[in-house]
Amino acid sequence: MNEIEQLKQWIDESDNIVFFGGAGVSTESHIPDFRSVDGLYNQQYDFPPETILSHSFFTRNTEEFYRFYWDKMIFEDAEPNPAHKALANLEKMGKLKAVITQNIDGLHQKAGSREVLELHGSVLRNYCMSCRKFYGLKDILPQKGIPKCSCGGTIKPDVVLYEEGLDSYILEKSISYIQNADVLIIGGTSLAVYPAAGLIDYYRGNKLVLINKSKTSRNAHADLEINGAIGETLGVFA
């Protein structure tokens, strides 16, 4: 039995699957991977992306933050790819319990997934730092520059920047899903970003599936390893 057949068998037999994904899930939707060779982290800019995407930089250099943010982080025309669609379909079939994602693009929901835990927030949600009023992306896009609330306050994307903690409710819910999963599928992530990557340590089962183009630090722990594009691998379930 080859890897894809094994994956199909485990999915056929399970109704308690959890998916944990990263940037590689969205690269097939033409959203650049932060850490790949030609990804966002290797492009030239005034400051390193890790610096720009930090809480302290946002506070001190809000205008420069937004110049980078509008240019490099917003992909309005991106559409779900076969991986997103497959996961939504598996949920509809009653097999997939949750998608836990490090991505901030909202493509899982756009594909139809309902139980999506966004560890790092979403560019689709934004809020005023003064009055806490929420704004959709389309509400603030026309402003460009530093978006301002009707009260005059600065609007911040509802994304987790460097130096900021993850939402405790999302974290606890993610841990619960992973602890109770029969099959845990990890895809499109280098498992290099903590604390998010550490969540997979809570998995107690023996059907840990790792789908990624390149090796990760956790390959030795996988019960099934598939080296390839996640859209191609999961596309058969779309």
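Please read these numbers as outputs of a predicted model, since none were measured by experiment. (Residues numbered from 1 in each chain as written. Predicted model: local features only at pLDDT ≥ 70, side-chain atom pairs only at ≥ 80, totals over all residues. Heavy atoms only, no water.)

Draft legend 1. Layout of the overall build of the protein chain. Of regular secondary structure, the protein chain possesses ten helices and nine strands. The C-alpha atoms of the protein chain give 18 Å as radius of gyration, which agrees with the globular expectation for 238 residues (18 Å, within 12%). Seen through its principal axes, the protein chain has C-alpha atoms that stretch 60 × 35 × 30 Å. Taking all 238 residues of the protein chain together, the buried fraction comes to 51%. When the accessible area of the protein chain is evaluated, it comes to approximately 11400 Å², of which 48% is carbon and sulfur surface. Here the protein chain contributes 24 positively and 31 negatively charged side chains, and the mean placements of these two sets differ by 4 Å. (Helix = DSSP H or I, 4+ residues; strand = E, 2+ residues; numbered from the N terminus. Rg over C-alpha atoms; globule rule 2.2 N^0.38 Å. Buried < 20%, exposed > 50% of the residue type's maximum accessible area, 1.4 Å probe, protein only. Areas by Shrake-Rupley, 256 points an atom, 1.4 Å probe, with all protein chains shown as cover. Lys, Arg positive; Asp, Glu negative; His and termini not counted. Charge placed at Lys NZ, Arg CZ, Asp CG, Glu CD.)

Draft legend 2. Local environment of unusual backbone geometry. Positive phi values are uncommon outside glycine, yet His 30 reaches one of about 65°. Its location among the elements puts His 30 in the loop between helix H2 (24-27) and helix H3 (49-52). Here the phi dihedral of Arg 132 falls at roughly 70°; this positive angle occurs in a residue that is not glycine. Within the fold, Arg 132 resides in the loop between strand E4 (121-128) and strand E5 (134-136).

Draft legend 3. Region of interest: helix H5 (residues 62-72). Burial of H5 is extensive: eight of the eleven residues sit out of reach of the surface. Regarding H5, the residues found buried are Thr 62, Glu 64, Phe 65, Tyr 66, Phe 68, Tyr 69, Trp 70 and Lys 72. On its buried face, H5 is in contact with H3, helix H4 (55-60), E4, helix H8 (137-140) and strand E6 (155-159). (Contact = heavy atoms within 4.5 Å.)

Draft legend 4. The packing of aromatic side chains, seen in detail. What the rule picks out here adds up to nine aromatic pairs. Seen in terms of ring centroids, Phe 58 and Phe 65 are 4.9 Å apart; in terms of plane orientation they differ by 90°. Their pairing is edge-to-face. For the pair formed by Phe 58 and Phe 65, the shared burial category is buried. Pairing Phe 58 with Tyr 66 gives two aromatic rings, centres 6.1 Å apart and planes at 65°, and the pair type is edge-to-face. Given the relative accessible area of 0%, Tyr 66 is considered buried. Among the aromatic residues, those joined into a cluster by ring pairs are Phe 58, Phe 65, Tyr 66, Tyr 69 and Trp 70. The cationic tip of Lys 156 hangs over the ring face of Phe 58; the distance from NZ or CZ to the ring centre is 5.9 Å. (Phe/Tyr/Trp six-rings, centres within 6.5 Å; stacked < 30°, edge-to-face > 60°. Lys NZ or Arg CZ within 6 Å of the ring centre and 35° of its normal.)

Draft legend 5. Local environment of the environment of Asn 212. As for its position among the elements, Asn 212 is in strand E8 (residues 208-212). Judged by its relative accessible area of 11%, Asn 212 is buried. Asn 212 sits 93 residues away from Leu 119 along the chain, and the two C-alpha atoms are 20 Å apart. Contact partners of Asn 212, with chain neighbours within four places excluded, come to Gly 188, Thr 189, Ile 226, Asn 227 and Gly 228.

Draft legend 6. Representation of the pairing of E6 within the structure. For E6, a buried count of four out of five residues is recorded, marking the element as mostly surrounded by other parts of the structure. Strand direction decides the pairing type here: E4 and E6, joined by five bridges, are antiparallel. Bridged to Tyr 127 within E6 is Lys 156. (Pairing = 2+ DSSP bridges.)

Draft legend 7. A look at the sheet that holds strand E9 (residues 224-227). Strand order in the open sheet formed by six strands is E3-E2-E1-E7-E8-E9, and the pairing between neighbours is parallel. The open sheet has two free edges, formed respectively by strand E3 (116-118) and E9, since each of these has just one partner strand. The average angle at which neighbouring strand axes cross in this sheet is 15°, direction not considered. Pairing analysis gives five bridges linking strand E1 (residues 17-21) to strand E2 (residues 96-101), with the strands arranged parallel. Each bridged residue has a counterpart across the sheet, and for Phe 19 the counterpart in E2 is Val 99. (Axes fitted to C-alpha atoms, helices over the stretch in contact; angles between N-to-C directions.)

Draft legend 8. Local environment of the sheet that holds E6. Across the sheet, three strands lie side by side as E5-E4-E6; this open sheet has antiparallel pairing. Edge positions in the sheet fall to E5 and E6, since each of these pairs with one other strand and no more. On average, each strand axis in the sheet is inclined to that of its neighbour by 40°, with strand direction left out of account. Set on the sheet, H5 makes contact with E4 and E6; between it and E6 the angle comes to about 50°.

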